[in-house]
Each structure stands twice: as structure tokens, then as C-alpha cells.
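# Residue-level structural notes
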Amino acid sequence: MDEKILFWFSGLEKSIETMDPQQRETFFCECGKNCVQQGTLDFYRQLYDSAAGDLDAFFQKVNEVPGLRAEILAPGGQYAFCFAECTCMLHTQGYMNTPHLCECSRQSVLFVLQTLWPGKEFSVELTASILRGDDRCRLEIRAQDRKV
């Protein structure tokens with residue numbers, strides 16, 4: 001950890017704490033996109049390809065990946081997606097610990113889904129978070145065909 005910049009992240013974390021949920025969503029949207037484009041999107045694209053673009057098959061394949069779990073709550077439209085550990089470098093390297101940082105992960109998952117399935121609309125809700133004290137991060141995902 002770079003101690004010289006730690007003070008800056010402390011200020012950023014305090015600023016994030018003062019934002020309302022909509023402001024955090026807007027703020028972390030670009031962060032989430034940028035983060036996932038560093039290689040994670042390619043990883044999920046491989047899962048998408050191996051599932052032939054089928055959402056249920058995609059989430060079944062997630063279960064083959066160490067540290068990830070998925071559950072089909074309603075075939076074709078509702079899923080739970082879990083991370084066994086926080087992999088955000090801002091957290092793992094000790095720069096930030098606010099649970100609001102998980103909005104970046106939510107935005108990342110949303111961006112991946114929207115990119116891989118442009119014909120669908122998704123909602124992603126964070127229902128558990130390691131940074132909130134839970135034993136895993138859990139996102140509930142709903143998908144529906146995009147209205148034309």
C-alpha cells in the first residue's frame with residue numbers, strides 16, 4: 001500500500017459516504033465499466049460463448065468457477081450471483097473499506113449483462129456484502145426482454 005496516497009482515499013471514502021444512492025450509482029457506473037473492461041468482461045464473454053448466449057446456461061456455468069456461485073431463482077429471468085470474497089483492489093489493498101464501494105461491483109455486473117445481452121433489460125440488486133459484514137457478496141438479477 002502506498003501510504004503517501006492513503007490520505008486521499010480516506011477523503012474519497014468520506015465523500016462517497018455523503019452521496020445519496022442515485023449519486024453513488026452515477027459515480028460508480030463509469031468506475032464499474034472501466035474496472036470490468038480490464039479483463040473481467042472477456043472472462044464473462046467466454047462463459048457467455050460456452051453457454052451459447054443462454055442466460056440459464058450462463059449462470060449454471062458460473063458455478064464451475066472457483067469463488068463464484070449462481071442460482072437460478074426463476075428460469076429465464078431471475079438469478080442470484082455470489083462472490084465468495086471481495087476482489088476489489090481498492091479494498092484488498094487497504095485503500096477503502098466503505099460498503100458503498102460495492103456499488104462499483106453492482107455496476108460492473110450490470111454492464112457485463114447489458115453488454116452480453118443487448119436485447120434484454122436487467123436490474124441488479126446487492127442483497128449481501130462482505131464489506132457490510134456478510135459472509136459473501138450476493139446480487140439478485142432480474143432479466144426481461146427489452147421493450148421495443
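Up top is the structure.
The structure contained in this document is the topic of the report that follows. (Residues numbered from 1 in each chain as written. Predicted model: local features only at pLDDT ≥ 70, side-chain atom pairs only at ≥ 80, totals over all residues. Heavy atoms only, no water.)

### Some points on the nonpolar core
- Tyr 44, Phe 58, Phe 59, Phe 81 and Ile 141 are the most contacted members of the largest nonpolar core, which totals 41 residues.
- No other element matches the eight residues that helix H6 (residues 102-116) contributes to this core.
- With residues up to four places along the chain from it excluded, the contact list for Phe 59 reads Ala 70, Tyr 79, Phe 81, Leu 113 and Ile 141. (Core = buried A, V, L, I, M, F, W, Y, C linked by side-chain atoms within 4.5 Å. Buried < 20%, exposed > 50% of the residue type's maximum accessible area, 1.4 Å probe, protein only. Helix = DSSP H or I, 4+ residues; strand = E, 2+ residues; numbered from the N terminus. Contact = heavy atoms within 4.5 Å.)

### Points about the environment of Gln 37
- With respect to the helices and strands, the residue Gln 37 is situated in the loop between helix H2 (21-36) and helix H3 (40-50).
- Classification of Gln 37 as partly exposed rests on a relative accessible area of 46%.

### Things to note about unusual backbone geometry
- Even without being a glycine, Ala 52 presents a positive backbone phi close to 55°.
- As for its position among the elements, Ala 52 is in the loop between H3 and helix H4 (55-62).

### Topic: the pairing of strand S2 (residues 78-83)
- Among the six residues in S2, six count as buried, and that is most of the element.
- With six bridges joining them, strand S1 (residues 68-74) and S2 adopt antiparallel strand pairing. When the bridges of S2 are listed, Ala 70 appears paired with Phe 81.
- A loop of three residues connects S1 with S2, the two strands running antiparallel in sequence, and Gly 76 in this loop sits at a positive phi of about 80°.
- Pairing between S2 and strand S4 (residues 137-145): six bridges, direction antiparallel. Across the sheet, the residue bridging to Ala 80 is Glu 140, located in S4. (Pairing = 2+ DSSP bridges.)

### Here's the deal with the packing of helix H1 (residues 3-18) against H2
- At a closest axis distance of 8 Å, the pairing of H1 and H2 adopts a crossing angle of 135°. Between H1 and H2, the interaxial angle falls into the category oblique. In this structure, H1 uses Leu 12, Ile 16, Glu 17 and Thr 18 to contact H2, whose residues at the interface are Gln 23, Arg 24, Phe 27 and Phe 28.
- In the contact of H1 with H2, the residues fall into four nonpolar, two polar and two charged. (Axes fitted to C-alpha atoms, helices over the stretch in contact; angles between N-to-C directions. Parallel < 35°, antiparallel > 145°, perpendicular 65-115°, else oblique. Nonpolar A, V, L, I, M, F, W, Y, C, P; charged D, E, K, R; others polar.)

That is the geometry; function is a separate question.
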